Amino acid sequence: MLIDFHTHHHRSSLNLINVQVLHVSAETRSQALPNICSLGLHPWFMESSWQDAWHNLEELSQLPQVIAIGECGLDRNCKLPIALQTIIFQKQIQLAESLQKPLVVHCVKAFSELIALKKQAKPMMPWVIHGFHKKASVYQLLLEHGFYFSFGAAILQDQAFVADAIATIPTSRFLLETDDRQDLQIEQIYERAAQLRQISVNSLEIELLETYGKLTGN
Ligand SMILES: [Zn+2]
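Residues numbered from 1 in each chain as written. Predicted model: local features only at pLDDT ≥ 70, side-chain atom pairs only at ≥ 80, totals over all residues. Heavy atoms only, no water.

K.L.:
Any details on the pattern of salt bridges? Residues and values, ideally.
P.N.:
All told, the structure shown has 4 salt bridges when counted by the stated rule. Asp183 is paired through a salt bridge with Arg181; the nearest N and O atoms lie 2.8 Å apart. With its nearest N and O atoms 3.8 Å apart, the salt bridge here joins Glu210 to Lys214. Remark: Lys214 and Glu210 occur in helix α7 (residues 201-216); sequence separation between them is 4 residues, near one turn of the helix. (Salt bridge = Lys/Arg side-chain N within 4 Å of Asp/Glu carboxyl O. Helix = DSSP H or I, 4+ residues; strand = E, 2+ residues; numbered from the N terminus.)

K.L.:
Give a detailed account of the packing of aromatic side chains, specifying residues and quantitative values.
P.N.:
If you walk through the whole model with that rule in mind, you get 11 aromatic pairs. Aromatic side chains Phe5 and Tyr212 sit 6.4 Å apart centroid to centroid with 80° between the ring planes, which places their arrangement in the edge-to-face category. On the criterion of sequence distance, the pair formed by Phe5 in strand β1 (residues 2-7) and Tyr212 in helix α7 is long-range, its members being 207 residues apart. The same class applies to Phe5 as to Tyr212, namely buried. Measuring from ring centre to ring centre gives 6.0 Å for Phe111 and Phe132, while their planes differ by 75°; the resulting arrangement is edge-to-face. Pair noted here: Phe111 is in helix α3 (residues 111-121) and Phe132 is in the loop between β6 (127-130) and α4 (136-144), with a separation of 21 residues, a long-range link. Comparing Phe111 with Phe132 shows no difference in burial state: the two are buried. Among the aromatic residues, ring-to-ring pairing joins Phe111, Phe132, Tyr139, Phe149, Phe151, Phe161 and Phe174 into one connected group. Note that Lys118 overlies the ring of Phe147, its terminal NZ or CZ placed 5.1 Å from the centroid. Over the ring of Tyr148 we find Arg173; its NZ or CZ atom is 5.5 Å from the centre of that ring. (Phe/Tyr/Trp six-rings, centres within 6.5 Å; stacked < 30°, edge-to-face > 60°. Buried < 20%, exposed > 50% of the residue type's maximum accessible area, 1.4 Å probe, protein only. Lys NZ or Arg CZ within 6 Å of the ring centre and 35° of its normal.)

K.L.:
Tell me about the coordination of the zinc ion, residues and numbers included.
P.N.:
In the first shell of the zinc ion, the protein supplies His6 (NE2), His8 (NE2), Glu71 (OE) and Asp179 (OD), at 2.1 to 2.4 Å from the metal. For the zinc ion, the 4 donor atoms in the first shell make angles of 84 to 175° at the metal, a pattern classed as irregular. Linear spacing of the donor residues for the zinc ion on their chain is H-x1-H-x62-E-x107-D. One end of the pair, Glu71, is in strand β4 (residues 66-75); the other, Asp179, is in the loop between β8 (174-176) and α6 (186-197), and 108 residues separate them in sequence. For the pair shown, Glu71 and Asp179 are each scored as buried. (Donors = N, O, S within 2.8 Å, 3.2 Å for Na, K, Ca; no water. Tetrahedral: all angles 85-135°; square planar, octahedral: opposite > 155°, others 65-115°.)

K.L.:
Run through the pairing of strand β5 (residues 103-108), naming residues and quoting values.
P.N.:
Counting buried positions over the 6 residues of β5 gives 5, a clear majority of the element. By the bridge criterion, 5 bridges tie β4 to β5 in an arrangement that is parallel. By the bridge assignment for β5, Gly73 is matched with His106. This β-α-β element, β4 to helix α2 (residues 82-99) to β5, shows right-handed connectivity. Direction of pairing for β5 relative to β6: parallel, over a ladder of 3 bridges. Looking across to β6, one finds that Val104 is bridged to Val128. This β-α-β element, β5 to α3 to β6, shows right-handed connectivity. (Pairing = 2+ DSSP bridges. Right-handed = clockwise from strand over helix to strand, strands pointing away.)

K.L.:
Describe unusual backbone geometry, with residues and values.
P.N.:
Cis geometry marks the peptide bond from Gly70 to Glu71, where omega comes out at 15°. With phi around 55°, Gln100 is a residue other than glycine that occupies positive phi space. Non-glycine residue Lys122 carries a positive phi angle of around 40°. The residue Lys122 is located in the loop between α3 and β6 in this model.

K.L.:
Report on the side chain of His42, specifying residues and quantitative values.
P.N.:
Structurally, the position occupied by His42 is in the loop between β3 (37-40) and α1 (50-60). We classify His42 as buried; its relative accessible area is 4%. A distance of 3.4 Å separates the side chain of His42 from the side chain of His106, its partner in a polar contact. Beyond its immediate sequence surroundings of up to four residues, His42 is in contact with His23, Glu71 and His106. (Polar contact = N/O pair within 3.5 Å; in protein donor to acceptor, adjacent residues only side chain to side chain. Contact = heavy atoms within 4.5 Å.)

No statement about biological role is implied by the geometric values presented.
Okay, structure coming up:
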């Protein structure tokens, strides 16, 4: 059984847990939700009317097929003021805690703020940094602060630091993803990760299924 922990695409296969991520708007309806999904308010798509989207998210995220909250977080490349991003992110932190679902975090150029928020919130639920591809010092700091990681396309590049990270990261602290890459299959990411960790794909599948179970209670 493979797990794509963060994908923007629908894919159905008997041996795949496809966690599809959706940005919730005021118009999103429960009928439109994929069988397994994670829901959030992404800083890129937030407008002045985000409150309506927020109320909808609060409601929809209680459904059993919603296994995580997010992606949500902080992004310094986005127009929305960081103070407002923080308020909306904190609401989702609280939502994840109250529903006991993990938080899928999108973070661009705001890792120190992210760590400060985690220290302040002292969450019981895991926070998973998705699509991590930053440098070693940031990675080490996040690992020390108890973050989880979801690795994707970046591990395919030989030069990438994350290729080293995935070779040594503790088993229980990561999952794999394809994110928005339609041309990429999760099988490719599993093969590369297994090669870097010097284990078989089958062993990796078993390990990640266990991690997924611990994170989501599924
Ligand atoms: Zn994404």
